[in-house]
Amino acid sequence: MDFKDIARFALALTICTEWVADTALADTATARTKGEPNITGVWERYPSAFPEGVTAFDDIPPPGNGPDLKEPYASQWKAQEAKRQAALDAGTPLVDASTRCLPEGMPTIMQAIYPIQILQTPGQITVLAELFMQTRRVYIDQPFPAPDDLAPSYYGFSSAHWHGDTLVVKTRGIRKDVQFFEIPHSDAMTIAEHYRLIKPNRLRVDISIEDPVYLNTPYRFTYEYKRNDKYRISEYVCDHRLDVINSDGTVSLGVK
Amino acid sequence: MYRIGKYALALGICAAVLAEPAMAHHSFAMFDKNKLSELKSVTVVQYTWGNPHVYIIVKSDETTYTLECGSISNMSETGWKFNTLKGGDKIDVVFYPLHNGKPGGALKVATLSDGKKLEA
């Protein structure tokens, strides 16, 4: 082994050492406790949030079979859906919360049209969404606040616990005007989520929305995500809107 | 090798993300998906890099067209950068025109002065 070989070997050793150190650091940085599954990471919907055949020109349909609403809410919701579709067909889409750049809130944030980042730290799970730079906090082993202390909000209060390898989250206190696919809900709505790593890089959440005032049966559906830690989430400040919201509730493109 | 495999996988995922339409902010229904308009050698008046949409304002003769593009992350994935265009650049554009006939649309592809084609 001449000097060149030794130098080459030393360089290779240094690279390997740094690589191993980086990997070890990455594994400990998640600060997990009690051997829980590691769900820290950047996640993108898989398969895509846009079902097959749905293009940018269409609205994404509600997941699963849609809500089993009580009457008259079922008829009202269907009429609103038809109105929205007719407006799309006419090329004059109706305004919605997203067009106004309002946060999606719960459970829409979990739809993850753009990737989401989940951070698992002691006592808390944080969901950071690229879309509108939303932040959702989920508290581990914390009781719900008293009803008087639970002011309605976009994300409500999320209380979670680990049940084996499943993260069980319950959320209450969502503002009535924060709606998932325009489905009405009451103060009594509870969103239950069960998160499970079905493969090291695949996360599944089974969502069940219960609302004794509006729903006959819980609205159940599933989202799956694929880990993509190479993806860096961009900032998303919604300050370059071209669309104009007209007085009739339609949206058009502001042209010069 | 495992690392390389993972990297290749990540690249694959990026390519998959790239193919997404992802117009999250508002419906695309104001644009005519069945029609494409083309303008050759128009002058860039303004190029704005931001969310919810990047947009390009171009001038063709005396008409000013407003062209909406994707979000900054969609655009980055198809090769656009914050400094891809500047005022005065000459480009060709293909876009889905507005239903209401106003001068504007959703950009589909732009051909830059050096011949580079970028999907929006």
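Residues numbered from 1 in each chain as written. Chains lettered and ligands numbered in written order. Predicted model: local features only at pLDDT ≥ 70, side-chain atom pairs only at ≥ 80, totals over all residues.

A.B. asks: Would you mind showing me how to read the overall build of chain A here?
C.D. replies: Counting its secondary structure elements, chain A contains 2 helices and 12 strands. Ordering the α and β elements of chain A from the N terminus gives α-β-α-β-β-β-β-β-β-β-β-β-β-β. The proportion of buried residues among the 256 residues of chain A is 27%. Summarising the internal contacts of chain A: among those between residues at least 6 apart in sequence, 54% fall at separations of at least 24. (Helix = DSSP H or I, 4+ residues; strand = E, 2+ residues; numbered from the N terminus. Buried ≥ 20, exposed ≤ 12 C-beta atoms within 10 Å, placed from the backbone. Contact = placed C-beta atoms within 7 Å.)

A.B. asks: Looking at this structure, I do not really get the overall build of chain B. What am I missing?
C.D. replies: Per the secondary structure count, chain B includes 2 helices and 7 strands. The long-range fraction of contacts in chain B, counting pairs at least 24 apart against all pairs at least 6 apart in sequence, stands at 52%.

A.B. asks: Sorry if this is basic, but what is going on with unusual backbone geometry here?
C.D. replies: Among all residues save glycine, negative phi is the norm, and among peptide bonds the norm is trans. Across the junction of Y46 of chain A and P47 of chain A, the peptide omega takes the value -5 degrees, indicating a cis bond. Look at the link from N51 of chain B to P52 of chain B: it is a cis peptide, with omega at 5 degrees. By secondary structure assignment, the location of P52 of chain B is in strand β2 (residues 51–52). Its identity as a non-glycine residue notwithstanding, C101 of chain A has a phi of 65 degrees, on the positive side. Inspection of the secondary structure assignment puts C101 of chain A in the loop between α2 (73–89) and β2 (116–121).

A.B. asks: Sorry, what's going on with the confidence of the model for chain A here?
C.D. replies: It should be kept in mind that the predicted coordinates are not to be read in detail where pLDDT is low. Of all residues in chain A, 86% have pLDDT values of 70 or greater, and the mean over the chain is 88. Long-range and interchain partners of residues 13–31 of chain A, a stretch whose pLDDT sits below 50, account for 5 contacts in this model, where long-range means more than four residues apart. (pLDDT = per-residue confidence, 0-100.)

A.B. asks: Looking at this model, I keep getting lost on the nonpolar core. Mind explaining?
C.D. replies: As a rule of thumb, soluble globular proteins bury nonpolar side chains together. The biggest cluster of nonpolar side chains holds 37 residues, and the ones touching the most others in it are W43, A112, I116, I118, A129 and L131 of chain A. Those elements that provide at least two residues to this core are β2, β3 (124–129), β6 (166–172), β7 (190–199), β8 (202–210) and β9 (219–227) of chain A. The contacts of I118 of chain A, once residues within four sequence positions are left out, are I39, T40, G41, W43, I125 and V127 of chain A. Counting residues in each nonpolar core, the second largest holds 30 residues, with A29, M30, V42 and I72 of chain B among its members. (Core = buried A, V, L, I, M, F, W, Y, C linked by C-beta atoms within 7 Å.)

A.B. asks: Would you explain α2 of chain A in this entry?
C.D. replies: Counting along an α-helix, one turn takes 3.6 residues, and residues three or four places apart therefore face a common direction. Here α2 of chain A spans 24 Å end to end across 17 residues, near enough to the 24 Å set by a 1.5 Å rise per residue. Immediately beyond the C-terminal end of α2 of chain A, within one or two residues, lies G91 of chain A, with a positive phi of roughly 75 degrees. (Expected span 1.5 Å × (residues − 1).)

A.B. asks: Which parts of the structure should I look at to understand the interface of chain A and chain B?
C.D. replies: Size of an interface, as often reported, equals the accessible area lost when the parts are brought together. Residue-level contacts link 34 residues of chain A with 34 residues of chain B. For the side of chain A that touches chain B, the secondary-structure elements that each account for two or more residues are β10 (238–240) and β12 (251–253) of chain A. Class assignment for the residues of the side of chain A that touches chain B results in 16 nonpolar, 9 polar and 9 charged. Here 2 bridges tie β10 of chain A to β2 of chain B, and the two strands are oriented parallel to one another. Each bridged residue has a counterpart across the sheet, and for H240 of chain A the counterpart in β2 of chain B is P52 of chain B. (Nonpolar A, V, L, I, M, F, W, Y, C, P; charged D, E, K, R; others polar. Pairing = 2+ DSSP bridges.)

A.B. asks: Before we go on, may I ask you to explain the pairing of strand β5 (residues 157–163) of chain A in this structure?
C.D. replies: Put simply, side chains in a regular strand alternate between the two faces of the sheet. Residues and elements named next belong to chain A. The pairing of strand β4 (residues 134–140) with β5 spans 3 bridges and is classified as parallel. Within the sheet, the bridge partner assigned to V138 lies in β5 and is S158. Pairing of β5 with β6, which is carried by 7 bridges, proceeds in the antiparallel orientation. Along β6, the bridge assignment pairs F157 with R172. What sits between the antiparallel neighbours β5 and β6 is a turn of 2 residues, in which G164 has the positive phi angle 65 degrees.

A.B. asks: Mind showing me how you'd approach the pairing of strand β5 (residues 90–97) of chain B here?
C.D. replies: All names here are of chain B. By the bridge criterion, 5 bridges tie strand β1 (residues 37–48) to β5 in an arrangement that is antiparallel. Its bridge partner being in β5, S37 is matched across the sheet by F95. Sheet topology places β5 next to strand β6 (residues 104–111); 6 bridges connect them, and they run antiparallel. Each residue of the ladder has a partner; that of P97, found in β6, is G105. Remark: 6 residues form the turn of the hairpin made by β5 and β6, two consecutive strands paired antiparallel; G101 in that turn has positive phi of roughly 80 degrees.

A.B. asks: Which parts of the structure should I look at to understand the sheet that holds β8 of chain A?
C.D. replies: Residue and element names in this part refer to chain A. Ordered in space as β1-β2-β3-β4-β5-β6-β7-β8-β9, the 9 strands form a closed barrel in which the pairing is mixed. Strand-to-strand twist of the sheet, defined as the mean angle between neighbouring strand axes without regard to direction, takes the value 30 degrees. Pairing of β8 with β9 involves 8 bridges; the strand directions are antiparallel. Bridging from a neighbouring strand, D206 pairs with T222 of β9. (Axes fitted to C-alpha atoms, helices over the stretch in contact; angles between N-to-C directions.)

A.B. asks: Would you mind going over the environment of K116 of chain B with me for this structure?
C.D. replies: All names here are of chain B. Among the secondary structure elements, K116 is positioned in the loop between β6 and β7 (117–119). Take K116: there are 11 C-beta atoms within 10 Å of it, and that puts it in the exposed class. Put simply, K116 and K81 are 35 residues apart on the chain and 13 Å apart in space, counted from C-alpha to C-alpha.

A.B. asks: What am I meant to see in the environment of T126 of chain A here?
C.D. replies: Residues and elements named next belong to chain A. Relative to the helices and strands, T126 resides in strand β3. For T126, a count of 14 C-beta atoms within 10 Å translates into the label partly exposed. Those residues in contact with T126, other than ones at most four positions away along the chain, are L119, T135 and R137.

A.B. asks: Explanation requested: the confidence of the model for chain B in the structure shown.
C.D. replies: Residues and elements named next belong to chain B. The share of residues in chain B with pLDDT of 70 or more is 78%, and the mean pLDDT across the chain is 84. For residues 1–22, every residue scores under 50 in pLDDT, and the model assigns this stretch 19 contacts once sequence neighbours within four places are set aside. As a predicted assembly, this complex carries a pTM of 0.82 together with an ipTM value of 0.74.

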